[in-house]
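Residue strings, one per chain:
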Amino acid sequence: MTNKTSILALSRRRFLGGAAALGGLVATGWTGKAFAQEPEKPAEIIVRAWGGSWVASLQAGVSDPFTAATGIAVRHDLTEDNEIQPKVWAAVAQGRVPPIHINWDTTTNATKSALRGITEDLSDLPNLANVTELAKPVGLEGYPIVNTYGYVYVLAYRPSAFPDGPPTSLQVLLDPKFKGRIALYNDGIGFHFPAQVAGGGKLEDIPGNMEPAWEFIRKVKEQQPLLGEDPDFTNWFQNGEIDLAVTISTNAREAMKNGIDLAWTVPEEGSKFETDGLWIPKGLPENELYWAKQYINFALTKEAQQVWLDGLGLPGVVPGLTPPEGLAGDPSYPTEPEDFKHLIRVPTAIQVEHESEWFSAFKSIMQG
Amino acid sequence: MTSQAEAVAPRSSLPVAVSVQKVDMTFDGFQAVKGASFDLAEGRFLTILGPSGSGKTTLLRMIAGFQRPSAGEIFINGVPVSAAPPHKRSIGMVFQKLALFPHMTAAENVAFPLKMRRFDANTIPERVKRYLDLVQLGPYADRRIHQLSGGQQQRVAIARALVFEPDLLLLDEPLAALDRKLREEMQLEFRRIQRELGVTTINVTHDQREALVVSDEVIVMDKGVIQQNAAPAQTYRTPANAFVAGFIGVTNFLSGKVVAVEGANLTYEAAGEAMQGHWSAPGAPQLGATVTGALRAEQIRLAASVAELSACQTVKTGVVTDAIFEGERIVYEIALTGAPGTVLRAFDHDPVTHKQFAIGETMAMGWNARDVLTFPN
Amino acid sequence: MPKSAYLLRWRVMDGLEALVAAIWPRHFHRALPYVMLLPAVLLVLLLVIGMIQIGDSSARTLDRSTFLPSDFYTAGNYQRIFTDGLYWSILWRSLLGSVIVTALCLVFAFPYSYLMVRTPSALLRKFLLIALFLPFFIGQVVRAYGWLIILGNQGVVNEMLGLIGVAPIRLLYNYPAVLFGLVQYMIPFAVLMLAPALTAIPEEMESAANSLGANWWRTFIHVVLPMARPGLVGAGLVVLTLSLTDFAMPAILGGGSQDFIANAIYDQFFRTSDQGMGAALTLILVGVGSLLVGVVFTLFGAGTLAMGRDRK
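Since the structure is predicted, the reported quantities are computational estimates derived from the model, not experimental observations. Per chain, residues are indexed from 1 in the order of the written sequence. Both sets of labels track the order of writing: A upward for chains, 1 upward for ligands. Whole-chain, interface and lining totals are the exception, using all residues; otherwise, since this is a predicted model, local features are given only for residues with pLDDT of at least 70 and side-chain atom pairs are given and counted only at 80 or more. Water and hydrogen atoms play no part in the side-chain values, which are based on all heavy atoms of the structure.

**Quick notes on the overall build of chain C**
Thinking step 1. Secondary structure counts use DSSP, requiring at least four H or I residues in a row for a helix and at least two E residues in a row for a strand, with both numbered from the N terminus. A count of helices and strands for chain C gives 14 helices and 2 strands.
Thinking step 2. Both definitions apply: the radius of gyration is a C-alpha atom measure, and the globule rule equals 2.2 Å times residues to the power 0.38. Relative to its length of 312 residues, chain C is extended, with a C-alpha radius of gyration of 26 Å against a globular reference of 20 Å.
Thinking step 3. Burial classes follow relative accessibility: with a 1.4 Å probe on protein chains only, a residue under 20% of its type's maximum area counts as buried, one over 50% as exposed, and anything between as partly exposed. For chain C, the proportion of its 312 residues judged to be buried stands at 42%.
Thinking step 4. Should any heavy atoms of two residues lie within 4.5 Å, those residues are considered in contact. Taking the contacts inside chain C whose residues are at least 6 apart along the sequence as the reference set, 67% of them involve residues at least 24 apart.
Thinking step 5. Computed with a 1.4 Å probe, the accessible areas rest on the Shrake-Rupley method; for each residue, only the protein chains presented here act as cover. Of the roughly 17,200 Å² of accessible surface on chain C, 74% is carried by carbon and sulfur atoms.
Thinking step 6. Note that His is not counted, nor are the chain ends; the positive residues are Lys and Arg, and the negative ones are Asp and Glu. Charge positions come from single atoms, namely NZ of Lys, CZ of Arg, CG of Asp or CD of Glu. Across chain C, the 20 positively charged side chains and the 15 negatively charged ones have centroids separated by 11 Å.

**Overview of the overall build of chain A**
Thinking step 1. Broken down by element type, chain A carries 11 helices and 10 strands.
Thinking step 2. In terms of overall dimensions, chain A is globule-like: its C-alpha atoms have a radius of gyration of 22 Å, near the 21 Å expected for 368 residues.
Thinking step 3. Across its three principal axes, chain A shows a C-alpha extent of roughly 70 × 40 × 35 Å.
Thinking step 4. Within chain A, the fraction of its 368 residues that count as buried is 59%.
Thinking step 5. Counting only contacts in chain A whose residues sit at least 6 apart along the sequence, the fraction spanning at least 24 positions is 75%.
Thinking step 6. One finds the centroid of the 30 positive side-chain charges in chain A at a distance of 4 Å from the centroid of its 45 negative side-chain charges.

**What about the packing of aromatic side chains?**
Thinking step 1. Each pair of aromatic rings taken from Phe, Tyr and Trp, with Trp reduced to its six-membered ring, is defined by centres within 6.5 Å and is described as stacked if the planes are under 30 degrees apart, edge-to-face if over 60, and tilted in the remaining cases. Inspection of the entire model under this criterion finds 36 aromatic pairs over all chains.
Thinking step 2. Relative to Tyr153 of chain A, the ring of Tyr151 of chain A lies with its centre 5.7 Å away and its plane at 65°, an arrangement referred to as edge-to-face.
Thinking step 3. Note on Tyr151 of chain A: relative accessible area 2%, which makes it buried.
Thinking step 4. Using a relative accessible area of 5% as the deciding quantity, one classes Tyr153 of chain A as buried.
Thinking step 5. Each ring, one from Phe82 of chain C and one from Trp88 of chain C, has its centre 5.8 Å from the other, and the planes form 50°; the classification is tilted.
Thinking step 6. For Phe82 of chain C, a relative accessible area of 42% gives the class partly exposed.
Thinking step 7. Each residue in the set Trp50, Trp54, Trp104, Tyr149, Tyr151, Tyr153, Tyr185, Phe233, Trp236 and Trp308 of chain A together with Tyr173 of chain C is aromatic and connected to the rest through ring pairs, giving one cluster.
Thinking step 8. In our convention, an over-ring charge means Lys NZ or Arg CZ found within 6 Å of a ring centre and within 35 degrees of that ring's normal. It is Arg48 of chain A that lies over the ring of Trp50 of chain A; its NZ or CZ is 4.6 Å from the centre.
Thinking step 9. When the ring centre of Tyr236 of chain B is taken as reference, the NZ or CZ atom of Arg296 of chain B above it lies at 4.2 Å.

**What about the interface of chain C and chain A?**
Thinking step 1. Chain C puts 30 residues into the contact, and the matching count from chain A is 30 residues.
Thinking step 2. Put simply, buried area is the surface a 1.4 Å probe can reach on two separate parts but cannot reach once they are joined, added for both. Note on chain C versus chain A: buried area summed over both sides is about 2,700 Å², and carbon and sulfur give 44% of it.
Thinking step 3. It is Phe67, Phe270 and Arg271 of chain C that lose the most area in chain C upon contact with chain A, and together they represent 24% of the buried surface on that side.
Thinking step 4. Each salt bridge in this description consists of a side-chain nitrogen of Lys or Arg and a carboxyl oxygen of Asp or Glu lying within 4 Å of one another. Taken together, the connections running from chain C to chain A amount to 5 salt bridges.
Thinking step 5. Secondary structure elements with two or more residues in the side of chain C that touches chain A: β2 (68-69), α4 (85-118) and α13 (261-271) of chain C.
Thinking step 6. Residue polarity follows a fixed list, in which Ala, Val, Leu, Ile, Met, Phe, Trp, Tyr, Cys and Pro are nonpolar, Asp, Glu, Lys and Arg are charged, and the others, Gly among them, are polar. Broken down by class, the residue content of the side of chain C that touches chain A amounts to 10 nonpolar, 13 polar and 7 charged.

**Quick look at helix α11 (residues 348-367) of chain A**
All names here are of chain A.
Thinking step 1. The terminal C-alpha atoms of α11, which comprises 20 residues, lie 27 Å apart, in line with the 28 Å expected from a rise of 1.5 Å per residue.
Thinking step 2. The angle separating two fitted axes, one through the seven residues that finish at a residue and one through the seven that start at it, defines the bend at that residue. At His354, α11 shows its largest kink, close to 55°.
Thinking step 3. Of all 20 residues making up α11, 14 are buried, and the element is well covered by its neighbours. Expected span, for any helix, means 1.5 Å times one less than how many residues it has.

**Description of the sheet that holds strand β13 (residues 273-279) of chain B**
Residue and element names in this part refer to chain B.
Thinking step 1. Read around the closed barrel, 5 strands run β11-β12-β13-β20-β14, paired in mixed fashion. Along the sheet, successive strands turn relative to each other by an average axial angle of 55°, direction set aside.
Thinking step 2. Looking at chain direction, β13 and strand β20 (residues 372-376) are connected through 2 bridges and run parallel. From the neighbouring strand, Trp279 faces β20, where its bridge partner is Thr374. Should DSSP find at least two bridges between two strands, the strands are taken to pair. Angles shown run from 0 to 180 degrees and are taken between the N-to-C directions of axes, each axis being a line fitted to C-alpha atoms and, for helices, limited to the stretch in contact.

**A look at the sheet that holds strand β17 (residues 330-336) of chain B**
Residues and elements named next belong to chain B.
Thinking step 1. Strand order in the open sheet made by the 5 strands is β15-β19-β16-β17-β18, with antiparallel pairing throughout. Whereas interior strands pair on both sides, the edge strands pair on one side only; in this sheet they are β15 (301-303) and β18 (343-348). Sheet twist, expressed as the mean angle between neighbouring strand axes with direction ignored, is 45°.

**Observations concerning the domain arrangement of chain A**
All names here are of chain A.
Thinking step 1. What the domain assignment lists for chain A is domain 1 (2-150 + 275-312) and domain 2 (151-272 + 336-367).
Thinking step 2. The partner domain 2 presents 12 residues to the 17 residues of domain 1 that form the contact.
Thinking step 3. Of the roughly 1,300 Å² buried at the junction of domain 1 and domain 2 (both faces included), carbon and sulfur atoms supply 53%.
Thinking step 4. The three residues of domain 1 that bury the most area against domain 2 are Trp54, Thr108 and Val138, which together make up 33% of that side's buried surface. What marks off one domain from the next here is an automatic or database domain assignment.

**Some thoughts on the pairing of strand β9 (residues 217-222) of chain B**
One face of the sheet, then the other: side chains in a regular strand alternate in exactly this way.
Residue and element names in this part refer to chain B.
Thinking step 1. Most of β9 is tucked away: 6 of the 6 residues are buried.
Thinking step 2. Here β9 shows a buried face lined by Glu217, Ile219 and Met221 and a second buried face lined by Val218, Val220 and Asp222.
Thinking step 3. Examined bridge by bridge, strand β3 (residues 45-49) and β9 share 4 bridges and lie parallel to one another. By the bridge assignment for β9, Leu49 is matched with Val220.
Thinking step 4. The hairpin turn running from β9 into strand β10 (residues 225-230), its antiparallel successor, is 2 residues long, and Lys223 in that turn takes a positive phi close to 50°.

**Things to note about the environment of Val131 of chain A**
Residues and elements named next belong to chain A.
Thinking step 1. By the secondary structure assignment, Val131 is in the loop between α4 (107-115) and β4 (146-157).
Thinking step 2. A residue is classified by how much of its surface remains accessible, and Val131, at 16% relative accessible area, is buried.
Thinking step 3. Excluding its chain neighbours within four sequence positions, the residues that come into contact with Val131 are Leu300 and Val317.

**Here we look at the interface of chain B and chain C**
Accessible area lost on assembly of the parts is the figure often given for the size of an interface.
Thinking step 1. The interface of chain B with chain C comprises 25 residues on the first partner and 18 residues on the second.
Thinking step 2. Summed over the three residues of chain B that lose the most area to chain C, namely His87, His103 and Met116 of chain B, the buried surface amounts to 30% of that side.
Thinking step 3. For the pair chain B and chain C, the number of links is 0 salt bridges.
Thinking step 4. By the criterion applied in these results, polar contacts are pairs of N or O atoms within 3.5 Å in which, for protein atoms, one can donate a hydrogen and the other can accept it, and in which residues neighboring in sequence qualify only through two side-chain atoms. Counting every contact that joins chain B to chain C gives 7 residue pairs in polar contact (both at pLDDT 80 or more).
Thinking step 5. Of all the elements in the fold, those that place two or more residues in the side of chain B that touches chain C are β6 (91-94) and α3 (106-116) of chain B.
Thinking step 6. If you tally residues by element for the side of chain B that touches chain C, the top one is α3 of chain B, at 4 residues.

**Considering the nonpolar core**
Thinking step 1. In terms of nonpolar packing, the biggest core is built from 215 residues, with Trp104, Tyr149, Phe191 and Trp308 of chain A together with Ile202 of chain B touching the most fellow members.
Thinking step 2. A total of 12 residues in this core trace back to one element, the largest contributor, which is helix α8 (residues 175-199) of chain C.
Thinking step 3. Ignoring any residue separated from it by four or fewer positions in sequence, one finds Trp104 of chain A in contact with Arg48, Ala49, Trp50, Trp54, Val55, Leu58, Tyr149, Asp276, Gly277, Leu278, Trp308 and Leu312 of chain A.
Thinking step 4. Each nonpolar core is a collection of buried residues, namely Ala, Val, Leu, Ile, Met, Phe, Trp, Tyr and Cys, held together in the definition by side-chain atoms within 4.5 Å. If you look at the next biggest cluster of nonpolar residues, it comprises 29 residues, including Val258, Tyr332, Ala346 and Trp367 of chain B.

**Description of a nonpolar patch on the surface**
Thinking step 1. A residue counts toward a patch only above 30% relative accessible area and without a salt bridge, and it is joined to like-charged neighbours within 9 Å or, for Val, Leu, Ile, Met, Phe, Trp and Tyr, to nonpolar neighbours within 5 Å. Side chains of Leu38, Leu42, Leu43, Val44, Leu45, Leu46, Val48, Ile49 and Ile52 of chain C sit close together on the surface and give an oily, nonpolar patch of about 880 Å² of accessible area.
Thinking step 2. With respect to the helices and strands, Ile52 of chain C occurs in helix α2 (residues 32-58).

Spelled out as structure tokens, the structure:
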């Protein structure tokens, strides 16, 4: 709470000191110009990010231009999102300065931190005026997080294994031909909801009755699926270990860039649609908080989003972006309302509350 | 001379238990044993004596079966055994460090060979008890090895090596690590048990005193070659060569060129002085040849003046450079007059009545020509 | 200057001694051993404090509306662990795995250590030692990834099988693969613990058993094996506890479906943000591990870890 008042105090001081300058910043979104009354610049700000093509895209689209405009260096901390979370929580709980300025996080994970009350409110970012509805976290007050893009847990496949055409339904996972050659996330993330449909259940029954999902997953277990995390899928496709996987399209795209023949589809049961976002932990010094907000604000500009999301091959939250080559109209790149027809979105609040049950139910089946 | 003959006499009348014939052992080009041959009659106690590296242990290990000769053959009771592994031979061995099994009691150690050699299980306890009694360890049967004293451990090792009544007992310097008093006690114990059981025994040691005390026969080895094989007294009195003379007892060596020969007696020039000696090697001495004379310290008689030694054939004077009082004797080191650098060692065996000479005093030394055993150089 | 007769080094040392005497008077000397123990005691103390905190959080369940631990104590986490078949199967898998890995490691490490200790060839000994220490420079994770490359569907092994016309076989991502990886990882530890114990058995012991009528096999069974027991117990304990608590091999070679307890703990701490559950699982792992070590101590003694005290 004291933090919040100090931000207000800061804003007021800034307002009194240089209302014109502030106005300029709001009007232009981001100009990169230095203002006399700006708080002192830190030598660097630290952004937690995922490695590989993920951080490369962020660096090209956001971090490098930000440094060029402000002179503030950006350091990328590649600690896993799940591992940085308890560190940040502990730092805030103990009143220490958190280890990072900005966390690039899944919306579900970020929501847990928001519910814990350790995220800074980002409602005053000027560029939020220009974003699509996707940027706003559902079921939370204000902007404790800003979503920056969406992604789809597609059904990725190796075309050479499907001479009769691409798979259309998740039932293909049960084909004896693919025993031992399919892969899922090791906690089943992205698969629970389509499995509910594939098992004959209804999405409306989530979270009340998910038995159809577990029934279907039990059948999939008989197929001896490999279970892993993002980098594993890319490896497995590249090393010929698997023919089918439910994974984020970015991972399949990464393997494709390395010359592996891959394709993906949204099956008739639908695919889970999710978002990632950026947030700032509480407990930063005022000036660093200010510049961390400027970083996120910049990440919401059209220029930044265009480069960043070209790298990831994912749809952003600013209207008018040009889709990366070959992705226009792709099921993994939804932009129009009808694109979302086959995509499954479950409110973050429900996911946050029940996710660990689902993970543990999935693990119970797979570890049994 | 007669006493020596008695000791060696029964040799040919008993069957041969161990026969070693022209045995060689080579490790990586190094010849550890060269052409070793000897016969050992049943029930006799042989000691192989030599400095470390002389090949004595290698010879013993070949008899035991731990090493296979590079050439030659070993017979036990007339049977060639070179191809047989140790556990197929009937040989009891007491090891240098005893090698008692620490995870077993004394009785279990003694029972071990009986179990391994598949003796009738019903007879084992009785037999173990008999052998523990033989080494006077009956009350200690259930003690663990580390609960026994050094001497008691020796006895367990003997009992274990003998309990299966082997054809041959081998002793690999088992007494080397003991203190002197215990070592002398155990030497007599070995002798007693060996006589009691009549087991053919081969002992290896570098301790000349042990060899003389316990053995019926002594083999002296050096550089892988058997130097002499004889009864203990004979080894001492008539060493086969300068090495044996030097290895057994405290011996002074004086070498020089032969200047006169008269039968087995000869005169040679050592350290500028004429020296009478007795030819102790095969063949005859040659004029002008270099020879070495060996004179035992105890053969040198000592006196204050030359006149007192008129009974000796050779009398010399010298200056005392060191005098060590050892209790039962005084050891003198005396620099020979007229022969700088030549120091003789001599004993005075009556330190109670004799006066001890001080360092720097001049004294007279005397000996007879037959005391100087002369060997070709 | 009479002092200049002494070496400078002496004077410096005298000065240092005087300084030490001033700040550390003689009558304190008896405390010196305890002072030197201090770092170790502090380290253990820190662990104890950590355990107390873990114990505290294990007794609090996670409130999913605020993602904060409950402010009251409850046995809820333990209840969940003991009633959920998932944790029983993970616990059983870890226990069984560590026992199998320990047994295999001892079987493989024994001849290796024996050869290393007994070989007369210095070259062979050096080779065995290097082969033993080389893997220590390659971390566990890197080694696991190495196995992915070697045993994968397009890996060296399957390529060779392909040459004789065998279709690729799934060698990875199953329980045997995890155990294989663990055995390969643990063997050097077992050899390191066994070698000193075997060195302590004089070669003469084996010669003695030989001469007393025991062939190679009976010498091994009746003499070498019993005398190597302290080493076997020590090596067994190290491998057992390290395997039971291993994370990387099940994570990498298990293909996600062969979790050990450590993986379940990781999931709770880092995937579902449930520190309470993670803490409860941690304490159970500590408990099970201690119990196992206790059982081994009772059955076989403490081995080399007893520092010779129980060898009487």
